[in-house]
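This is what each chain is made of:
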Amino acid sequence: MRHIPQPLENESPRIFQRWKNRHRGAKYARLKDGDVKKAIKEALISRQKFICCYCETRISRGTSHIEHIEPQLGGLSAKTLDFSNMAASCIREPKKGDYIRDEESGVVSPHSTIHCGHARGSHRVISPYDAKCESLFSYSFSGEISVNPDLTEVADKNLAQDSITYLNLNSESLIAMRKIAMLETVKMLEKGIAPADILRELSGKLPPFYSAAKTAAQIFNSSRNTVGNTANS
Ligand SMILES: [Zn+2]
């Protein structure tokens, strides 16, 4: 999960600010104006550099939804219309059949095609606006995301594991795509392309699975350095 600077209220689209001025005290459920929602989503996607706030898949307006970092809780949250509480998460409108849930825990199964904001419901997960979000996870070439083994605080370990579980970050499709992103990164490194060029932002877009690709580059470089050191000793 890549850390994203939290949006400021005054960064929100003008059309949204005007709507809020006309609807004092309203909750998000009242926001039906398609143009306003479109402007909010486009602003969020752009500041996230076209990757999902949780899983880092490529997103566009047609493949994402507006996620509330503090869940709306049926309108009980006081932040349902705070731009600083919104992010763009993958998957627009899931169909009922996309979900496979464990009856008892309500947790979405890795066999589901659903993950991120839609899988989460109201469960507590790490916010991509929290500066420590990047340190909670590690990535392996199998394509799996896991709890960073270097974590020492139990609360952090639990939060990392809950985030993986409730966001379904190890869904079959995400594992497969993450694996490809990591292996493609290595292929490019083997061709001599510099990590900075592989991970570079192009036309405002970061490569999907940026964090996993970055890890792949770090592992590749450290293994090459180790081989180099052994050869030199
Ligand atoms: Zn996602």
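Residues numbered from 1 in each chain as written. Predicted model: local features only at pLDDT ≥ 70, side-chain atom pairs only at ≥ 80, totals over all residues.

Notes on the overall build of the chain
Tallying secondary structure elements over the chain gives seven helices and four strands in all. Mapped from its N terminus to its C terminus, the chain presents α and β elements in the order α-α-β-β-α-β-β-α-α-α-α. Over its C-alpha atoms the chain spans a radius of gyration of 19 Å, differing by no more than 12% from the 17 Å that the globule rule assigns to 233 residues. In the chain, of all internal contacts separated by at least 6 residues, the share reaching a separation of at least 24 is 66%. (Helix = DSSP H or I, 4+ residues; strand = E, 2+ residues; numbered from the N terminus. Rg over C-alpha atoms; globule rule 2.2 N^0.38 Å. Contact = placed C-beta atoms within 7 Å.)

Section: unusual backbone geometry
Even without glycine at this site, K49 takes up a positive phi of about 60 degrees. Mapping K49 onto the fold places it in the loop between α2 (34–47) and β1 (64–68). K49 sits in the partly exposed class, given 18 other C-beta atoms within 10 Å. Here the phi dihedral of I91 falls at roughly 75 degrees; this positive angle occurs in a residue that is not glycine. Among the secondary structure elements, I91 is positioned in the loop between β2 (86–90) and α3 (117–120). (Buried ≥ 20, exposed ≤ 12 C-beta atoms within 10 Å, placed from the backbone.)

Quick word on the nonpolar core
Core analysis: the biggest nonpolar cluster contains 45 residues, and C52, C116 and L167 have the highest contact counts within it. Elements supplying a minimum of two residues to this core: α1 (14–22), α2, β2, β3 (137–139), α4 (154–166), α5 (172–190) and α7 (210–232). Setting aside its immediate chain neighbours within four residues, C52 contacts T57, I59, S89, C90 and C116. (Core = buried A, V, L, I, M, F, W, Y, C linked by C-beta atoms within 7 Å.)

So, the environment of K157
Mapped onto the elements, K157 comes out in helix α4. Judged by local crowding, K157 falls into the partly exposed class, with 15 C-beta atoms found within 10 Å. The sequence separation of K157 and I114 amounts to 43 residues, and the corresponding C-alpha distance is 24 Å. Ignoring anything within four residues of it in the chain, the contact list for K157 reads V147 and L151.

A few points about α4
Along its 13 residues, α4 runs 18 Å from first to last C-alpha, staying within 8% of the 18 Å computed at 1.5 Å per residue. Restricting attention to buried positions, one finds in α4 the residues L159, A160, S163, I164 and Y166. Where α4 is buried, its residues contact α3, β3 and β4 (145–147). Among the residues trailing α4, N168 stands out with phi positive, at a value near 55 degrees. (Expected span 1.5 Å × (residues − 1).)

As for the environment of S60
Summarising the element assignment, S60 is placed in the loop between α2 and β1. Overall, the presence of 13 C-beta atoms within 10 Å leaves S60 in the partly exposed class. Through-space distance from the C-alpha of S60 to that of K95 is 19 Å; in sequence the pair is 35 residues apart.

Brief notes about the environment of S84
Inspection of the secondary structure assignment puts S84 in the loop between β1 and β2. C-beta crowding within 10 Å serves as the criterion here: with 16 such atoms nearby, S84 is assigned to the partly exposed category. Between the alpha carbons of S84 and R120 there is a distance of 19 Å; along the sequence they are 36 residues apart. Those residues within four positions of S84 in sequence are excluded, and the remaining contacts are Q6, P7, L8 and E9.

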